Each structure stands twice: as structure tokens, then as C-alpha cells.
Amino acid sequence: MAKHKIPSWPSAPVAARARMAGFSLMEILVASTLSLVVTVTMTALMTSSLRNTARIIKMTKLTDDLRISMQMMSRDVRRSNYTADAVYCFANPDCVSDGSLSVPGDVQINANQDCFTFLLDRDNDGDATENAAGGFRRVVTSGVGALQMWVGANQPDCTAGDENWVLVTDPTDIEVTEFVVDDDLSYSEVVWDDGFGNQFSQKVRKIRMSLSGRLTNDSSIQRSLEDVIKLRNNLYL
């Protein structure tokens, strides 16, 4: 009796068996290393981006606070020493000597150049000496510098206590590291010459203010501003 040979399934090709095999240890190590490098790089980029964003927010806050303080001072300085009788000086160089105008005085800057005061004819009666004066100064309290504004009814005093001075900047947020004010850019110009040796000059007054500060809780965030203000109330000499 003839024997029947049972057919057998052909064995899988070598290439197919290779595809069905798992990853080698070396491949797993390389893949893990690449994944770790990518993850660390992305984390570092995100951390740097968040840090830069936080720094920009802090710098913006510091800049805004210092700019507001500078605008307050610039606004008052432009009107400093104003008097309603200044109109009598129009085409009249003798307005002071003939009694037409009672000059309230110039902007007063202290010796340290970190405080200035001024008078202002607030009620437009031609007499600035009877009105509340103005002023700004830098003081250091508990080791932190701050900017203050004069609100007293009497003549301002750069050395007075704090009862007539109020804070403009908050020492818990901002430390004012430097405040310098000067009138070095002021000058005099001849406005009239009669040809016989008689000349009249006018004082063009310019006040320069420099303000620097940093965040109290992050001294690396620093900012400096400077402004030059031309006073509107020029005086004849």
C-alpha cells in the first residue's frame, strides 16, 4: 500500500521572520536617548520662554510706574512759577522793575540735586506766594529709596519731616535708586537791542530730571528715564 506524504506548510521567508523579530537592546537605548534629548530641549525652551515673559512683565511694570512719576513732575514743572500777571511782561522788559509783575521766584534745587520746589499762582490772582507750593524729592526710608511730593500749605522744605510729603512711588514695589534734577541747560538770550547799548535779555529755563529705579523684590529689573522740560514762564533779566 502506497504511503501518502503529508504536505507541510512552507517555512516563512527569512525577511519576514526578521520583520517579526523585536527591537534590539541597542535600538531601544538609542531611541530612549533621543527621546530624552528632545524632552529636555523642549523643557528648557519652555522654561526660558516663561522666564523671559515674566521678566518682560516686570520690566513693563517698572517702566510704567517710573514714567507715571516722571509725567507728574513734568506736568507741574512746566507750570511752575506761573503768575496771572505775566501778561504784563509782553513787550515790556521792565515789567518786574516797574512793579507790574511780582515774580514768584525760580525753581529751587537743593545742593544734593535730589529735591526741587516751586511756587504756582493756582487761583490766578497774580500772587503765587499765597498759594500752596509744590515740590518733589527722593528720600531713603528703611534702606529703600522713594519719591515724594510736597502737599503742605506753607513754603516747601526739602529737609522737612514726612507730614507734608506724600509718597509717589511705593517702596514695597519700587526702589528709586537715583533722582537728579538740575537747570544746567538754562540760558539767557538777547530779545531786544535799541542800538544804543541797551539790551534786554530773557532767561530760557530748562529743567533736566533723571530718574532711576528697580524692583524691590528683584534688583535685576532696572530702568532709567530722563526728561528735559522747558518752563513756559520765562523771565526777563
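Chains are numbered independently. Their residues run from 1 in the order of the written sequence. Reporting in this predicted model follows two pLDDT cut-offs: at least 70 for local features of residues, and 80 or more for side-chain atom pairs to be given and counted; totals over whole chains, interfaces and linings ignore these cut-offs and use all residues. Think of the side-chain values as coming from all heavy atoms in the structure, minus any hydrogens and water.

S.K.: Hey, could you run me through the overall build of the protein chain in this one?
M.R.: Put simply, DSSP H or I for four residues or longer makes a helix, DSSP E for two residues or longer makes a strand, and each gets a number counted from the N terminus. Broken down by element type, the protein chain carries 2 helices and 11 strands. Mapped from its N terminus to its C terminus, the protein chain presents α and β elements in the order α-α-β-β-β-β-β-β-β-β-β-β-β. Split into buried and exposed, the 237 residues of the protein chain put 31% on the buried side. The method behind every accessible area is Shrake-Rupley, applied with a 1.4 Å probe, and residues are considered shielded solely by the protein chains displayed. With the model as given, the accessible surface of the protein chain reaches about 15,100 Å², and the carbon-plus-sulfur share is 56%. Here the term buried applies to any residue with accessible area under 20% of the maximum for its type, exposed to any over 50%, and partly exposed to those in between, with areas from a 1.4 Å probe on protein chains only.

S.K.: Just checking my understanding: could you explain unusual backbone geometry for this structure?
M.R.: With the exception of glycine, the majority of residues adopt a negative phi angle, and the majority of peptide bonds are in the trans configuration. At Gln 113, a residue that is not glycine, the phi angle is positive and equals roughly 60°. Structurally, Gln 113 can be placed in the loop between strand 1 (108-109) and strand 2 (115-118). Classification of Gln 113 by relative accessible area gives partly exposed; the value is 30%. In this structure, Ser 142 takes a positive phi of about 55° despite not being glycine. Looking at the secondary structure, you find Ser 142 in the loop between strand 3 (134-141) and strand 4 (144-150). Exposure remark for Ser 142: the relative accessible area of 75% places this residue in the exposed category.

S.K.: Can you help me understand the pairing of strand 7 (residues 187-193) in this one?
M.R.: As a general feature of sheets, a regular strand has side chains that alternate between the two faces. In this description, strands pair whenever DSSP reports at least two bridges between them. In this sheet, strand 8 (residues 199-204) lies alongside strand 7 in antiparallel orientation, the contact comprising 6 bridges. Paired with Glu 189 across the bridge in strand 8 is Gln 202. Adjacent in sequence and paired antiparallel, strand 7 and strand 8 are bridged by 5 residues, among which Gly 195 carries a positive phi angle near 85°.

S.K.: What exactly am I supposed to notice about the sheet that holds strand 1 here?
M.R.: Strand pairs in the sheet, formed through backbone hydrogen bonds, run parallel or antiparallel to each other. Pairing is antiparallel across the open sheet formed by 5 strands, whose spatial order is 1-2-3-4-5. Only two strands of the sheet have a single partner each, and these edge strands are strand 1 and strand 5 (165-167). The pairing of strand 2 with strand 3 spans 4 bridges and is classified as antiparallel. Paired with Phe 116 across the bridge in strand 3 is Phe 136.

S.K.: Looking at this structure, how should I read the nonpolar core?
M.R.: Across soluble globular proteins, you tend to see nonpolar side chains buried next to one another. Of all hydrophobic cores here, the largest spans 23 residues; its most connected members are Met 73, Phe 116, Phe 179, Ile 207, Met 209 and Leu 211. Counting residues per element, this core draws most heavily on helix 2 (residues 25-78), at 5 residues. Apart from the residues lying within four places of it in its own chain, the contact partners of Leu 211 are Leu 66, Ser 69, Met 70, Met 73, Val 176, Glu 178, Phe 179, Arg 223, Ser 224 and Leu 225. Here the nonpolar core consists of buried residues drawn from Ala, Val, Leu, Ile, Met, Phe, Trp, Tyr and Cys, with membership extended through side-chain atoms lying within 4.5 Å. The next biggest cluster of nonpolar side chains, apart from the first, holds 5 residues, and it includes Cys 115, Trp 150, Ala 160 and Trp 165. Note on contacts: a residue pair qualifies if any of its non-hydrogen atoms lie within 4.5 Å across the two residues.

S.K.: What's the story with a nonpolar patch on the surface in this structure? I'm lost.
M.R.: Patch criteria: residues need more than 30% relative accessible area and no salt bridge. Like-charged residues are merged within 9 Å; nonpolar side chains of Val, Leu, Ile, Met, Phe, Trp and Tyr are merged within 5 Å. The working definition used for a salt bridge is a side-chain nitrogen of Lys or Arg within 4 Å of a carboxyl oxygen of Asp or Glu. Together, Met 26, Val 30 and Leu 34 line one region of the surface with nonpolar side chains, adding up to about 310 Å² of accessible area. Within the fold, Val 30 resides in helix 2. The partly exposed category is assigned to Val 30, whose relative accessible area is 43%.

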